[in-house]
Each structure stands twice: as structure tokens, then as C-alpha cells.
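# Observations on the model geometry
For reference, the chains in residue letters:
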Amino acid sequence: MKHAATIALITIAMSLAVFSPKYWQMTQESPGSTVWARGLQFVVQCEEPWGTKTEDAGLDWRLAPAALAKVLGLQGHAVFIIPWLGLFLLLTQVHQVVIRHTKSTAMATHTTLLVGTFGVSTTVLGWFGINDAWYALALILVSFERRLWLLGAALFIGPWIDERFILALPLAAIIRTQVIPLTRPNLWPQIGMILGAVSIYAAIRGVALVGDSALNNNSYILVALSRFQTWLPTTGTGWFFNLRVGWAPVVLVFWCLYQNKNKLPFFALLIAALLPMLVITMVAADTGRTPTLLLPLVLLGTIRLFELHGANRAPKIMFALLLANLVLPAAHVTHKSIEVISPAPIEW
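Residues numbered from 1 in each chain as written. Predicted model: local features only at pLDDT ≥ 70, side-chain atom pairs only at ≥ 80, totals over all residues. Heavy atoms only, no water.

## Quick notes on the overall build of the chain
When helices and strands are tallied, the chain shows 18 helices and two strands. Computed over its C-alpha atoms, the radius of gyration of the chain comes to 20 Å, within 12% of the 20 Å expected for a compact globule of 348 residues. Each of the three principal axes of the chain carries a C-alpha extent, and together these read 55 × 55 × 40 Å. Summarising the internal contacts of the chain: among those between residues at least 6 apart in sequence, 75% fall at separations of at least 24. Accessible surface, the chain: about 15600 Å² in total, of which carbon and sulfur atoms supply 69%. If the 23 positive side-chain charges of the chain are averaged to one point and the 15 negative ones to another, these points end up 16 Å apart. (Helix = DSSP H or I, 4+ residues; strand = E, 2+ residues; numbered from the N terminus. Rg over C-alpha atoms; globule rule 2.2 N^0.38 Å. Contact = heavy atoms within 4.5 Å. Areas by Shrake-Rupley, 256 points an atom, 1.4 Å probe, with all protein chains shown as cover. Lys, Arg positive; Asp, Glu negative; His and termini not counted. Charge placed at Lys NZ, Arg CZ, Asp CG, Glu CD.)

This is the structure we're talking about:
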């Protein structure tokens with residue numbers, strides 16, 4: 001665990017150096033910028049997580065990160081440590097998952113560093129108040145965690161981090177069947193927890209909708225559905241820049257499944273991966289963030305790569321992917337904007 005935490009810190013330092021935040025925009029508040037817009041709303045939400053209305057209606061229900069900040073007594077700009085903490089825990093868990101399944105320190109290290117080049121890292125480190133790492137962590141726990149208490153915690157907290165967790169939950173559940181042998185005594189508690197977590201979240205959201213005139217007047221989704229064609233042309237670019245060569249392990253998973261005579265797992269996984277991405281794309285203009293929900297699929301591909309090429313070759317392939325992502329251009333893609341991410345010496 002100590003080694004995983006060290007690699008996580010090294011990964012964050014690497015990401016800050018190679019894919020630098022715009023430090024010159026971070027020195028003072030700028031409400032209209034992508035760097036500050038969500039962060040300033042997150043500050044308001046953290047003051048009183050329950051019942052606070054923000055400009056972004058979706059943020060009102062993402063209570064878990066704000067509640068954590070409240071419990072820790074964080075106020076003002078100090079709440080921005082919460083997304084960074086989520087990223088640290090995510091990277092630590094990535095290392096733990098890979099080393100558990102491959103028994104290769106090199107494979108785990110290279111994979112963790114590779115995740116540091118993904119959109120989940122560059123967005124959390126570059127924009128204030130983005131908690132994508134927390135919901136990605138919850139999805140990875142659902143996909144790979146054997147301990148039922150941690151699985152339960154991820155299932156019941158995940159929906160309150162981001163609605164993307166709910167949309168990607170079928171994908172995580174399918175991945176879980178690929179890596180953890182399910183036995184009848186152990187299967188039903190897991191099914192019960194999944195159904196329970198979704199039901200509780202749906203029931204609370206449903207009750208809140210009844211008689212809430214403010215929500216009835218909120219036309220965010222309708223507006224997004226009427227405008228998503230404007231950012232549709234850059235959607236493919238946004239999806240690509242989130243992972244870049246990190247798409248290779250994802251493709252490997254589908255290639256392995258397609259080789260089987262039984263094509264059902266292939267199509268089930270394909271639908272579970274594409275459907276939430278398409279839904280999110282229709283309602284959210286920051287398309288560069290969307291593929292973060294595929295992170296468990298990247299880890300599954302890493303495990304399959306190790307199974308195919310072994311302890312000598314697989315870590316070298318992962319290292320090559322890492323080098324490629326460090327060299328290739330990176331960018332934030334939001335709406336119709338493609339904003340290049342530069343190294344620290346340029347952004348200082």
C-alpha cells in the first residue's frame with residue numbers, strides 16, 4: 001500500500017509537470033472560465049451540502065464530495081483539496097488492482113503512470129471542483145473489489161458523487177463478471193446491494209421531483225437536448241483526447257471477447273460502454289470528460305495484455321503506451337473548444 005501511494009504521488013507530480021494546469025488563471029477567481037466555473041459552485045455547495053441550489057442543477061445532487069468537505073471542516077478554496085484527494089485514492093487503487101491481478105510491480109507502476117496522462121487526471125488537476133476521480137474510483141471498486149463492505153460502500157456512495165456512476169454501473173457489473181468468479185452464495189448479496197443502491201437513489205430523487213416547482217421550471221436537459229448538435233462535431237475529438245493511446249487496452253478487451261464463439265459478452269459490454277457515453281454526450285458539452293467512465297475497461301485491458309504477453313513483454317508495452325501519451329498532444333475539449341494542454345514551463 002505504501003508503494004502504491006508513492007507511485008500515486010509521483011504520477012500526480014508527473015501530470016502537473018507534463019500536462020500543466022493554467023497556473024496564471026488559478027491565481028485569482030474567474031467565474032466565467034472553465035478553470036473556475038465549477039469550482040466556485042462547489043465552494044457554495046460545500047458550505048451547506050443539503051438543500052443548497054447552485055447554477056448547475058446537476059451539481060445539487062452530487063452530495064458526497066461536498067459532504068466530505070463539510071465533515072472535514074473545509075471552507076472556501078480549501079475545498080479544492082477534495083478532488084485532488086479523490087485522484088490520489090484513484091491512482092492508488094489502480095496500482096492495487098493491477099498488481100493484484102498481475103503480480104507485476106512494473107505493470108502496476110506503468111499503468112498508474114498512464115492513468116496520470118488521461119483526462120481524469122488533467123481535468124481534476126487543471127479545473128477546480130471536478131470530482132470525476134471519485135466516481136471513477138467507485139466504478140473501479142465495483143468492477144474489481146472482492147471485499148463486500150467496500151463494494152457496498154462504492155455502490156451506495158457512488159450515485160451521490162455523479163450521475164455518471166449510475167449510467168456506467170452496468171459496465172462495471174459486466175467487468176466484474178470477467179475478473180471475479182461468482183459463486184451462488186456470494187452472488188445474491190452483490191445483486192442485492194446493486195439493486196438496493198440504485199433503488200434508494202431513484203426513490204429519493206423521485207420523491208424530490210414531486211411538487212418541486214423549481215425542478216419543474218428547470219429546463220436544463222431540454223435545453224441540452226436541443227443544443228447538443230452544436231458540440232457533436234467535436235465529440236469524437238473529445239473522446240479521443242481523454243485516453244489517447246489509452247484506448248488500446250479498451251480495444252484489446254473487445255478483441256479478446258470477439259474471439260470467443262459466444263458473442264453475447266462482447267455485445268453486452270459494447271452496449272454497456274457506448275450507451276452511457278452517448279447519453280452523457282447528449283446532455284453535457286464537456287465531451288472530453290466522458291470516457292473517464294471507461295477506466296475500469298482500461299484496467300481490464302491491462303490485465304488481458306499481461307495474460308497474453310506475460311511478465312517480460314507486457315510491462316514494456318505499457319511503458320511504450322505511457323511514453324506515447326507523454327509525447328502526443330493533449331487537450332481539453334468542451335463544447336466546440338479544443339484547448340491545448342501545455343507543459344509546466346509554458347504555463348508558468
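After that view, the rundown keeps rolling.
## Let's talk about the layout of surface pockets
Sizing a probe to match a water molecule and rolling it over the atoms shows the empty space that remains. Approximately 240 Å³ is the volume found for the second largest pocket. In this structure, the second largest pocket is lined by 13 residues; those nearest its centre are Trp 134, Leu 137, Ala 153, Ile 157 and Ile 161. Elements with a contribution of two residues or more to the lining of the second largest pocket: helix H4 (63-71), helix H8 (132-144) and helix H9 (148-157). (1 Å grid on protein atoms, 1.4 Å probe; cavity = no way out; pocket = protein on both sides within 12 Å on 5 of 7 lines; lining within 4 Å. Points joined across faces, edges and corners; volume = space filled by probe spheres on them.)

## Examining the nonpolar core
Within the largest apolar cluster, 91 residues are counted, with the highest numbers of intra-cluster contacts made by Leu 90, Phe 144, Leu 293 and Leu 297. In this view, Leu 297 contacts Ile 175, Pro 249, Val 250, Val 253, Phe 254, Leu 269 and Ala 273; residues no more than four positions away in its chain are not counted. (Core = buried A, V, L, I, M, F, W, Y, C linked by side-chain atoms within 4.5 Å. Buried < 20%, exposed > 50% of the residue type's maximum accessible area, 1.4 Å probe, protein only.)

## Focus: the environment of Ala 13
With respect to the helices, strands and loops of the structure, Ala 13 is situated in helix H1 (residues 2-18). Its relative accessible area of 46% is what places Ala 13 among the partly exposed residues. Sequence separation of Ala 13 and Gly 116 is 103 residues, and the distance between their C-alpha atoms is 9.1 Å.

## Quick notes on the environment of Ala 344
As for its placement among the helices and strands, Ala 344 is situated in helix H18 (residues 344-347). Each C-alpha atom, one on Ala 344 and one on Phe 19, is 7.0 Å from the other, the two residues being 325 residues apart in sequence. In this structure Ala 344 touches Leu 16, Ala 17 and Ser 20, once residues within four positions along its chain are discounted.

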